[in-house]
Amino acid sequence: MPELPEVETTLRGIAPHLVGHKVTEIVIRQPRLRWPIPDNLAELLRNRRLLSAHRRGKYLLLDFGNGHALVHLGMSGSLRIVNADEPPLFHDHFDMVFGKIALRYADPRRFGCLLWVEGDPSTHKLLTDLGPEPLTDTFSADYLYLRSRKRTQAIKQFIMDSKIVVGVGNIYANESLFMAGIKPIRKAGSLTRKNCEDLVRDIKFVLQRSIDQGGTTLRDFVGGDGKPGYFQQQLLVYGRGGEPCTRCKKALKEVRMNDRTTVYCVDCQK
């Protein structure tokens, strides 16, 4: 599933081509995504200029002045810039056409969405309960320490909760916890303030490094330029169950937590 770094990479890939330009056409080939694409979207967007594009969590928000197009990539979606006359492939479900180029959305599983939001997008039901952005000052050691008090949930699941902090997906949770030396099955409420300092620092580092390198190469993910990310080459634990720990050389343990792969070192993580 595309996570925060992949979505941020997509945003940085598409925004320079589109911001400041007018929509000339909306082409909907498959209106039935996770939720139906609004019937009047073409009427709302035609001849509207894209004023800005930004991200909230894993959602992309395209500001057209009269409202925002809200896009989510779901489990397998991707956005890319193509020539407007390029023939679509089977899973290319919609185009936002800006003259000679188009923003094209592909999604084999159709779990993504394209919605229309009027007014303040932060009040939309999909965004209103989201926690802070992990790369902002709001996500701090003090914040994590206070939110984790008396919580019996495993720390890995706790930091993957978008109501606590957005964008810490499974891969990044595994990597951050290893770097911070914290066992993923440990109860969130047992973290010390020093643990929180280390974990917040490493979450920020892992996410920023992944953004800088173009996201994590997953089976379905490509960035806005059509190229895959490259962060997977530097993964320390995820996908390495049974292989030697990069620190102590003992075999990494792989377990399932909430039906997700979890890999950690039983010696280096406490």
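Right above here is the structure, for reference.
Reading the values: the criteria
- Residues numbered from 1 in each chain as written.
- Predicted model: local features only at pLDDT ≥ 70, side-chain atom pairs only at ≥ 80, totals over all residues.
- Heavy atoms only, no water.
- Helix = DSSP H or I, 4+ residues; strand = E, 2+ residues; numbered from the N terminus.
- Rg over C-alpha atoms; globule rule 2.2 N^0.38 Å.
- Buried < 20%, exposed > 50% of the residue type's maximum accessible area, 1.4 Å probe, protein only.
- Contact = heavy atoms within 4.5 Å.
- Areas by Shrake-Rupley, 256 points an atom, 1.4 Å probe, with all protein chains shown as cover.
- Lys, Arg positive; Asp, Glu negative; His and termini not counted.
- Charge placed at Lys NZ, Arg CZ, Asp CG, Glu CD.
- Salt bridge = Lys/Arg side-chain N within 4 Å of Asp/Glu carboxyl O.
- Phe/Tyr/Trp six-rings, centres within 6.5 Å; stacked < 30°, edge-to-face > 60°.
- Lys NZ or Arg CZ within 6 Å of the ring centre and 35° of its normal.
- Polar contact = N/O pair within 3.5 Å; in protein donor to acceptor, adjacent residues only side chain to side chain.
- Pairing = 2+ DSSP bridges.
- Axes fitted to C-alpha atoms, helices over the stretch in contact; angles between N-to-C directions.

**Points about the overall build of the protein**
Okay, step 1: A tally of helices and strands in the protein yields 6 helices and 10 strands.
Okay, step 2: Over its C-alpha atoms the protein spans a radius of gyration of 20 Å, differing by no more than 12% from the 18 Å that the globule rule assigns to 270 residues.
Okay, step 3: By principal-axis analysis of the C-alpha atoms, the protein measures approximately 60 × 35 × 30 Å.
Okay, step 4: Split into buried and exposed, the 270 residues of the protein put 52% on the buried side.
Okay, step 5: Counted over contacts in the protein with a minimum sequence separation of 6, partners at least 24 positions apart contribute 64%.
Okay, step 6: When the accessible surface of the protein is summed, it comes to about 12,600 Å², and 50% of that surface belongs to carbon and sulfur atoms.
Okay, step 7: Each charge class in the protein was averaged separately, 41 positive and 30 negative side chains, and the resulting centres sit 6 Å apart.

**Let's talk about the pattern of salt bridges**
Okay, step 1: Within this structure, the stated rule accounts for 16 salt bridges.
Okay, step 2: Put simply, Arg-55 and Glu-8 hold a salt bridge, and the shortest N to O gap is 2.7 Å. Taken together, the residues Arg-55 in strand 2 (residues 52-56) and Glu-8 in helix 1 (residues 4-18) connect sequence positions 47 residues apart. When sorted by exposure, Arg-55 lands in the same class as Glu-8, which is buried.
Okay, step 3: Among the salt bridges present, the one from Asp-92 reaches Arg-80, with a minimum N-O distance of 3.1 Å. Taken together, the residues span a long stretch of sequence, with Asp-92 in strand 6 (residues 92-98) and Arg-80 in strand 5 (residues 78-83) at a distance of 12 residues.
Okay, step 4: In the salt-bridge network here, residues are joined through shared partners; they are Glu-8, Arg-12, Arg-55, Arg-56 and Glu-133.

**Considerations on the packing of aromatic side chains**
Okay, step 1: Applying the stated criterion to the full structure yields 3 aromatic pairs.
Okay, step 2: Ring geometry for Phe-64 and Trp-116: centres 6.5 Å apart, planes at 35°, overall tilted. Of this pair, Phe-64 sits in the loop between strand 3 (59-63) and strand 4 (68-72) while Trp-116 sits in strand 8 (residues 113-117); the two residues are 52 residues apart in sequence, bridging distant segments of the chain.
Okay, step 3: A ring pair is formed by Phe-139 and Tyr-143, whose centres lie 6.3 Å apart and whose planes are at 70°; its orientation type is edge-to-face.
Okay, step 4: What makes Tyr-143 buried here is its relative accessible area of 17%.
Okay, step 5: Stacked on the ring of Tyr-145, the Lys or Arg Arg-193 has its end atom at 4.2 Å from the ring centre.
Okay, step 6: Directly above the aromatic system of Phe-178 lies the positively charged group of Arg-247, at a separation of 4.4 Å from the ring centroid.

**Observations concerning the side chain of Asp-92**
Okay, step 1: Overall, Asp-92 belongs to the buried group, its relative accessible area being 3%.
Okay, step 2: Polar side-chain contacts of Asp-92 include one of 3.1 Å to the side chain of Arg-80.
Okay, step 3: Of the polar contacts made by the side chain of Asp-92, one reaches the backbone nitrogen of Leu-89; its length is 2.8 Å.

**Re the sheet that holds strand 3**
Okay, step 1: If you trace the 4 strands from one edge of the open sheet to the other, you get 2-3-4-8, paired in antiparallel fashion. Of all strands in the sheet, those with a lone pairing partner are strand 2 and strand 8, marking the two edges. For this sheet, the mean angle separating the axes of adjacent strands, direction not counted, is 25°.
Okay, step 2: Note: strand 4 against strand 8, 5 bridges, orientation antiparallel. Within strand 8, the position partnered with Val-71 by the bridge is Leu-114.

**Quick notes on the pairing of strand 3**
Okay, step 1: The buried count for strand 3 comes to 5 of 5 residues, which makes it a mostly enclosed element.
Okay, step 2: Residues of strand 3 alternate between two faces, with Tyr-59, Leu-61 and Asp-63 on one and Leu-60 and Leu-62 on the opposite face, all of them buried.
Okay, step 3: Looking at chain direction, strand 2 and strand 3 are connected through 5 bridges and run antiparallel. In the strand pairing of strand 3, Arg-56 is matched with Tyr-59.
Okay, step 4: Count of turn residues in the strand 2/strand 3 antiparallel hairpin: 2 residues, of which Gly-57 carries a positive phi of about 60°.
Okay, step 5: Inspection of the sheet shows strand 3 paired to strand 4 by 5 bridges, in the antiparallel sense. Looking at strand 4, one finds that Tyr-59 is bridged to His-72.

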